[in-house]
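# A structural walkthrough
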Amino acid sequence: MPEYLFPGLKEGDRWCLCAQRWAQAYNAGKAPKLFLQSTHEKTLDFIPFDVMKIFAIDAEESASVINKLDLQRSQLNEILKKDVTDNDEAFQ
């Protein structure tokens, strides 16, 4: 829009797009690529994760990060289970 001195977007530019507008573009067959690691988890309220992975520019890197987080989550759950068991035994 010339009146705002904004020349418009060009190939390679990055910009923010709310989840509802991305879903609207997806439904119209015009969804842009996205960066999963820059996408807020609330986006899952509007767009399935499997769909976002299809359009992810950083899909491989994100998969590695997700695997590490899953491992950490599993380890944390094991620690918490052990703590609960230890506490239960201490009060018997």
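Residues numbered from 1 in each chain as written. Predicted model: local features only at pLDDT ≥ 70, side-chain atom pairs only at ≥ 80, totals over all residues. Heavy atoms only, no water.

## Thoughts on the nonpolar core
Judged by nonpolar contacts, Ala 19, Trp 22, Ala 23, Ala 31, Leu 34, Leu 36, Ile 47, Val 51, Met 52, Phe 55 and Ala 56 together constitute the single largest core of 11 residues. Of all the elements in the fold, those that place two or more residues in this core are α1 (19-27) and α2 (49-55). In contact with Met 52, not counting residues within four places along its chain, are Leu 34, Leu 36, Thr 39, Thr 43, Leu 44 and Ile 47. (Core = buried A, V, L, I, M, F, W, Y, C linked by side-chain atoms within 4.5 Å. Buried < 20%, exposed > 50% of the residue type's maximum accessible area, 1.4 Å probe, protein only. Helix = DSSP H or I, 4+ residues; strand = E, 2+ residues; numbered from the N terminus. Contact = heavy atoms within 4.5 Å.)

## As for a nonpolar patch on the surface
A surface patch of nonpolar side chains, about 580 Å² in accessible area, is lined by Tyr 4, Phe 6, Leu 9, Trp 15 and Leu 17. One can find Tyr 4 in the segment before α1. Judged by relative accessible area, which is 61%, Tyr 4 ranks as exposed. (Patch = residues over 30% accessible without salt bridge, like charges linked within 9 Å, V, L, I, M, F, W, Y side chains within 5 Å. Areas by Shrake-Rupley, 256 points an atom, 1.4 Å probe, with all protein chains shown as cover. Salt bridge = Lys/Arg side-chain N within 4 Å of Asp/Glu carboxyl O.)

## Some remarks on the side chain of Asp 58
On the secondary structure map, Asp 58 appears in the loop between α2 and α3 (59-90). It is Arg 14 that comes nearest to the buried, bridge-free Asp 58 among opposite-charge side chains, at 8.5 Å. Setting aside its immediate chain neighbours within four residues, Asp 58 contacts Leu 34, Phe 35, Leu 36 and Gln 37. (Lys, Arg positive; Asp, Glu negative; His and termini not counted.)

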